[in-house]
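Examination of the molecular architecture
Okay, here's what each chain looks like letter by letter:
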Amino acid sequence: MARLFGTNGIRGVVGREITAEFALRLGRALGPFFGGGTVAVGTDTRTTADVLREALVAGLTASGCDALLLGVTPTPALQLFVARRRLRGGVAVTASHNPPEYNGFKVVGGDGMDVSKSDEEGIESSLATMTFPEIAWDRCGRVQQDPGSNALYVDAILALSDTAAVARRKPKVVLDCASGAAVHTSPELLRRLGCSVTTLNGQPDGTFPGRLPEPREEHLTELCRTVVDVRADLGIAHDGDADRAVFIDDRGRFVHGDRALAVVARERLRGKPGTVVTPVTSSSCVADVVRENGGAMDYTAVGSPIVSRRMKEVGAVLGGEESGGLMFPELQCAKDGGMAAARMIELLVVTGRNLSDLVDALPTYSLARRSLPVPAGSQEAVATKIREAVAGEKVLTVDGFRIERPEGWVVVRPSGTEPLFRVYAEGRTPGDAESLAAYGEGLVKAALG
Ligand code: MG
């Protein structure tokens, strides 16, 4: 059976993979999955949000769930709302960082966390078999509006923040909302936190006219320039559903997600050791900082829902992934752009240091990546041969193979969605990274014969 869920929800191009009919069927499948009760439904700002939400809600209510419509809200706000209101679950209609023609669905359980892999598989198989029982007329669900998730979210973050300390220094922040869901939360959050805020792309617009919703360096040139022009302390950019925040330092430089995670980890572990959870592909700069400060690293398979669940299991103090998805368990074990923004600002105020200095103090590493197509259906056989070949190495097998060497590491893992292996290597020098990537590539090629 083809997988519908990717590493973080169901996504596709609207009119191709994602249609109103699909949304209706998904709602029908989710009704029995949630087993009735109230399900929150929120969206980002995409132009296809209305049609997909309406179809999804028709399916949910036809299957006996009540739907609570939150309107446009960040995914982490929806997650917090579901958990705090003790709802049965939630669905975010969003394609996160994808371009405007995409949309999709993130399914959240009653604990506010992304549903587990096995739950995803259950939903996929009930969609594939299409056995949705009809329910009696008097058991169909009802639809209500509740626009309270944005306020609940902003208030919850502020309750965990030292607003007095921030207000005393009044840091200057340039905030780029991408015209996505953050427009309804982050500008207010940062102002009430005590910052002086300049907002870019602050109007909701699902065509994303200012920039594409993925907060990559090449999409953020206006933000970087503005940070320098207004002499801001930092820049912050969200993706379409604001579960991610990436940072621009006070010199207008893009900060890689792993380096932001390392900066936060160092501050968080100081005097209070704990566990930090990240996927196996995260940079050694995180591990270096965590170990230096007496903390422990816990590596998971790639995919933020997996990091979230692992954080809860081990009682982690912090989690995150390279794309700028930071997770703070004091609020919720979920990627959270608003929390990331607030915690980073507070960190700058508390340390009294510039973000550029904090980032420049981290060790630097070089990356190399490869994608290697393999014949369809051969991934398992290839993996078995690689396992034999790396038997003598220091290897972690939580997702594919992460082989550690003194000069760096290489991860060789099968793609979850395509017939290929991905190779990620990181070394102390560009040469180290390249030779580790070549080693990883060699493992796949040798296994293919
Ligand atoms: Mg996102």
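These figures come from a predicted structure and were not determined experimentally.

So, the overall build of the chain
- Check the secondary structure of the chain and you find 15 helices and 22 strands.
- The C-alpha radius of gyration computed for the chain amounts to 22 Å, which stays within 12% of the reference 22 Å derived for 449 residues, consistent with globular compactness.
- The buried share of the chain, taken over its 449 residues, is 57%.
- Across the chain, every contact between residues at least 6 apart in sequence was considered, and the portion connecting residues at least 24 apart equals 70%.
- Here the chain holds 51 positive side-chain charges and 56 negative ones, and the gap between their average locations is 3 Å.

Remarks on the side chain of Ser-186
- Position of Ser-186 among the secondary structure elements: in helix 7 (residues 186-193).
- We classify Ser-186 as buried; its relative accessible area is 3%.

Comments concerning the pattern of salt bridges
- Throughout the structure, instances matching the rule amount to 34 salt bridges.
- Close ionic contact of Arg-413 with Asp-399 constitutes a salt bridge, the shortest N to O distance being 3.0 Å. One end of the pair, Arg-413, is in strand 21 (residues 408-414); the other, Asp-399, is in the loop between strand 19 (394-396) and strand 20 (401-405), with 14 residues separating them in the sequence.
- Judged by relative accessible area, Asp-399 falls into the buried class, the value being 12%.
- A salt bridge links Arg-405 to Glu-407, with the shortest nitrogen-to-oxygen separation between them at 3.9 Å.
- By relative accessible area, which is 25% here, Glu-407 ends up partly exposed.
- Residues participating in the shared-partner salt-bridge network are Lys-106, Asp-241, Asp-243, Glu-321 and Lys-335.

Focus on the layout of surface pockets
- Of the volumes computed, that of the second largest pocket is approximately 240 Å³.
- Around the second largest pocket, the lining comprises 13 residues; the ones closest to its centre are His-256, Arg-259, Ser-283, Tyr-365 and Leu-367.
- For the lining of the second largest pocket, the residue count by class is four nonpolar, five polar and four charged.

Thoughts on the packing of aromatic side chains
- Counted by the stated rule, this structure contains two aromatic pairs.
- Centroid distance Phe-22 to Phe-105: 6.1 Å. Interplanar angle 50 degrees. Geometry classified as tilted. One end of the pair, Phe-22, is in helix 1 (residues 20-34); the other, Phe-105, is in strand 6 (residues 102-108), and 83 residues separate them in sequence. Residues Phe-22 and Phe-105 agree in their burial class; the two are buried.
- Above the face of the Trp-409 ring, Arg-402 is positioned so that its terminal group lies 4.5 Å from the ring centre.
- Lying across the ring of Tyr-439, Arg-405 places its NZ or CZ 4.5 Å from the centre.

Rules used throughout
- Residues numbered from 1 in each chain as written.
- Predicted model: local features only at pLDDT ≥ 70, side-chain atom pairs only at ≥ 80, totals over all residues.
- Heavy atoms only, no water.
- Helix = DSSP H or I, 4+ residues; strand = E, 2+ residues; numbered from the N terminus.
- Rg over C-alpha atoms; globule rule 2.2 N^0.38 Å.
- Buried < 20%, exposed > 50% of the residue type's maximum accessible area, 1.4 Å probe, protein only.
- Contact = heavy atoms within 4.5 Å.
- Lys, Arg positive; Asp, Glu negative; His and termini not counted.
- Charge placed at Lys NZ, Arg CZ, Asp CG, Glu CD.
- Salt bridge = Lys/Arg side-chain N within 4 Å of Asp/Glu carboxyl O.
- 1 Å grid on protein atoms, 1.4 Å probe; cavity = no way out; pocket = protein on both sides within 12 Å on 5 of 7 lines; lining within 4 Å.
- Points joined across faces, edges and corners; volume = space filled by probe spheres on them.
- Nonpolar A, V, L, I, M, F, W, Y, C, P; charged D, E, K, R; others polar.
- Phe/Tyr/Trp six-rings, centres within 6.5 Å; stacked < 30°, edge-to-face > 60°.
- Lys NZ or Arg CZ within 6 Å of the ring centre and 35° of its normal.

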